[in-house]
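The residues making up each chain are set out below.
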Amino acid sequence: MQEVDLATFNRSYIHDIGVRKSDENVKIAEGDSFTKKLVRKLELQIYFMMNKIEHQNLVRTIQGVHDKLRKSLHMSQDTDEVWQEHIKEEELRKKYSSAMLKLATEIWVEKECRIKWSYKTCIDYFYHGGLERYLLRQKRIKGLQKTNCIIEDEEDEIKSIYLDYKEKLKLLDIGSCYNPFSKFPEFSCTAIDLTPATEDVLQCDFLQIDIQKNLDVEANNHSNLILYEESFDIVVMSLVLEYLPASEQRTIFCFKAWQLLKQNGLCIIITPDSKSMHSNAPMIKSWKLALEKIGFKRVKYDKLTHLHCMAFSKVCKFSEVNITNCKLLSDLLYIPQDFKSYSDVSSSVDRNEEENKNVCIQFSELPNEDLF
């Protein structure tokens, strides 16, 4: 009988499928007998099949909540009513949060990672000259840079912002779920979520919370959390804008992010897309235009296999819009699902096999704890 090729077997069943970090000890040992190897191989096949089923069930839970929100909005056309009904569905939101936590911390596929991309982008921008290069480029574009050297008072102004920054960068993670950025020593993190999955994440309905001016501490909020204007260096919105069923809600999120950022602070936006770079290029261009009207300028963009990763700098101290009329930009912050037609006959939303596969792939991009 032919011996089992252990190297090929372990590689195909361990690495290519992608397993949890605690599963590295399931490889077959060289000293095992052929029968034991064969039994172990069958056990592993069953094990990975069960993991795949669990993964698909988690994804269905998440996608089911998204579909339910969008269908409710399609039927009622009342954004506030749909959102308030969703707030009341505490058990459903807890299931969603639990599924996201499990996917993010236990399902591990060694591909591009949103947390790693966000971390590197922030460090390059604040500590490795990215901000300085960006400001110099903007000065040249505006015709304010006449020579290759920075004017002395301009250089001092730039350095006073971030270039000699010694303190931890203050980071707000919106829709955080489990506070993944807290492990990085460069960040002082505030993690918020509508339904936190871990105790270090603060419960907050970001749509309803009022952003306070520095001296306005008495203003009424829908949460015990108080967020002040221009108090964060970084605001992260990763896989959160597509959770919102209405484009006007996404606009409010982006405008509030602009309010919370310090001048030249960085807004990280990550949204899923398994198609090629150019398939949804009009959507990304439209998002860029909307954020520029709010007061941002895009400083970095990467299309990973299943993600659009964008970084925007707060360049304008005063925005063209406010919290009331920013909704006028909502048509620009669309996602493909906004144009999906929902039937009022069935409460379920059917997807074809390709869509199901894309959903699974997108959520398999979520990171585990050992990135570096």
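Shown above is the structure to which this text applies.
Predicted model, so just to flag it, every value in this text is computed and none were measured.

*Asks:* In this structure, what is going on with the environment of Phe206? I would like to understand it.
*Replies:* Relative to the helices and strands, Phe206 is located in the loop between β3 (202-203) and β4 (211-212). For the pair formed by Phe206 and Gln249, sequence separation is 43 residues and the distance between their alpha carbons is 9.9 Å. Among all residues touching Phe206, those that are not within four sequence positions of it are Ile174, Ile192, Leu227, Phe253, Lys256, Ala257 and Leu260.

*Asks:* Where do I start with empty space enclosed by the protein in this structure?
*Replies:* Over the atoms rolls a probe the size of a water molecule, and its path tells where empty space is left. Following the criterion strictly, the structure yields two cavities of 30 Å³ or more and no others. If you go around the largest cavity, you meet 26 residues; those closest to its centre are Gly175, Asp193, Leu194, Val240 and Tyr243. Elements with a contribution of two residues or more to the lining of the largest cavity: α4 (90-106) and β2 (187-193). If you tally residues by element for the lining of the largest cavity, the top one is α4, at five residues. Its residues assigned to classes, the lining of the largest cavity comprises 17 nonpolar, five polar and four charged. The space that makes up the second largest cavity amounts to roughly 40 Å³.

*Asks:* Just to check I follow, could you spell out the packing of aromatic side chains for this structure?
*Replies:* The geometry of an aromatic ring pair is captured by the separation of the ring centres together with the interplanar angle, meaning the angle of the planes. As enumerated under the stated definition, the model contains 12 aromatic pairs in all. When the centroid spacing of 5.7 Å and the interplanar angle of 25° are considered together, the rings of Phe255 and Trp258 count as stacked. Of this pair, Phe255 and Trp258 are both found in helix α8 (residues 247-260), three residues apart, which corresponds to roughly one turn of the helix. Each member of the pair Phe255 and Trp258 is classed as buried. Through a chain of ring-to-ring contacts, three or more aromatic side chains come together here, namely Tyr119, Phe181, Phe184 and Phe187. Sitting above the plane of the Phe206 ring, Lys256 keeps its charged end 5.6 Å from the centroid.

*Asks:* Can you help me understand the nonpolar core in this one?
*Replies:* If you look at soluble globular proteins, the nonpolar side chains tend to sit buried side by side. Counting 59 residues, the largest nonpolar core has Leu227, Val235, Met237, Leu241, Phe253 and Ile269 as the members making the most contacts within it. With seven residues, the top contributor of residues to this core is α8. Listed in part, the 26 residues of the second largest apolar core include Tyr134, Leu239, Cys309 and Ala311.

*Asks:* How should I be thinking about α4 in this particular structure?
*Replies:* The α-helix winds at 3.6 residues per turn, so residues separated by three or four positions along the chain end up facing the same way. Across its 17 residues, α4 extends 24 Å between first and last C-alpha, which sits within 8% of the 24 Å expected from 1.5 Å per residue. Within the sequence span of α4, burial applies to Arg93, Tyr96, Ser97, Ala99, Met100, Leu103, Ala104 and Thr105.

*Asks:* Looking at this structure, how should I read the pattern of salt bridges?
*Replies:* Between side chains of opposite charge, a pair can form as their charged atoms come close. Using the criterion set out here, one finds 11 salt bridges in the structure. A salt bridge links Lys94 to Glu90; the shortest N-O distance between them is 3.4 Å. Residue Lys94 and its partner Glu90 are located together in helix α4, separated by four residues, close to a single helical turn. Residue classification places Lys94 among the partly exposed positions, given a relative accessible area of 40%. On the basis of relative accessibility, which here comes to 42%, the residue Glu90 falls in the partly exposed class. Residue Arg250 is joined to Asp338 by a salt bridge in which the shortest nitrogen-to-oxygen separation is 2.8 Å. Here Arg250 is found in helix α8, whereas its partner Asp338 is found in the loop between β9 (307-314) and α10 (353-363), with 88 residues between them in sequence. Residue classification places Arg250 among the buried positions, given a relative accessible area of 0%. Take Asp338: its relative accessible area is 28%, and that puts it in the partly exposed class.

Cut-offs and rules
- Residue indices follow the written sequence of each chain, beginning from 1 at its first position.
- Local features in a predicted model are, by the rule used here, given only for residues with pLDDT of at least 70; side-chain atom pairs are given and counted only at 80 or more, and totals for whole chains, interfaces and linings are based on all residues.
- Here the side-chain values reflect all heavy atoms present in the structure, with hydrogen atoms and water set aside.
- For helices the rule is a DSSP run of H or I covering at least 4 residues; for strands it is a run of E covering at least 2, with both sets numbered from the N terminus onward.
- Should any heavy atoms of two residues lie within 4.5 Å, those residues are counted as being in contact.
- Buriedness for pockets is judged along seven lines, at least five of which must meet protein on both sides within 12 Å for an open set on the 1 Å grid over protein atoms alone, while cavities are sets there where a 1.4 Å probe fits but cannot get out, and lining residues have an atom within 4 Å of a point.
- Grid points are joined across faces, edges and corners, and a volume is the space filled by probe spheres set on the points.
- Classification used: nonpolar for Ala, Val, Leu, Ile, Met, Phe, Trp, Tyr, Cys and Pro, charged for Asp, Glu, Lys and Arg, polar for all others including Gly.
- Between rings of Phe, Tyr and Trp, where Trp is taken as its six-membered ring, a pair exists when centres lie within 6.5 Å; planes separated by under 30 degrees are stacked, by over 60 edge-to-face, and by other angles tilted.
- For every residue, the accessible area obtained with a 1.4 Å probe (protein chains only) is divided by the maximum for its type, and the residue is called buried under 20%, exposed over 50%, and partly exposed between those limits.
- Working rule: Lys NZ or Arg CZ, within 6 Å of ring centre, within 35 degrees of ring normal, means a charge sits over the ring.
- We define the nonpolar core as a collection of buried residues of types Ala, Val, Leu, Ile, Met, Phe, Trp, Tyr and Cys that are connected through side-chain atoms lying within 4.5 Å of one another.
- Helices are assigned an expected span. That span is 1.5 Å times one less than the residue count.
- A pair is scored as a salt bridge if a Lys or Arg side-chain nitrogen falls within 4 Å of a carboxyl oxygen belonging to Asp or Glu.

So yeah, pure geometry; function would need other evidence.
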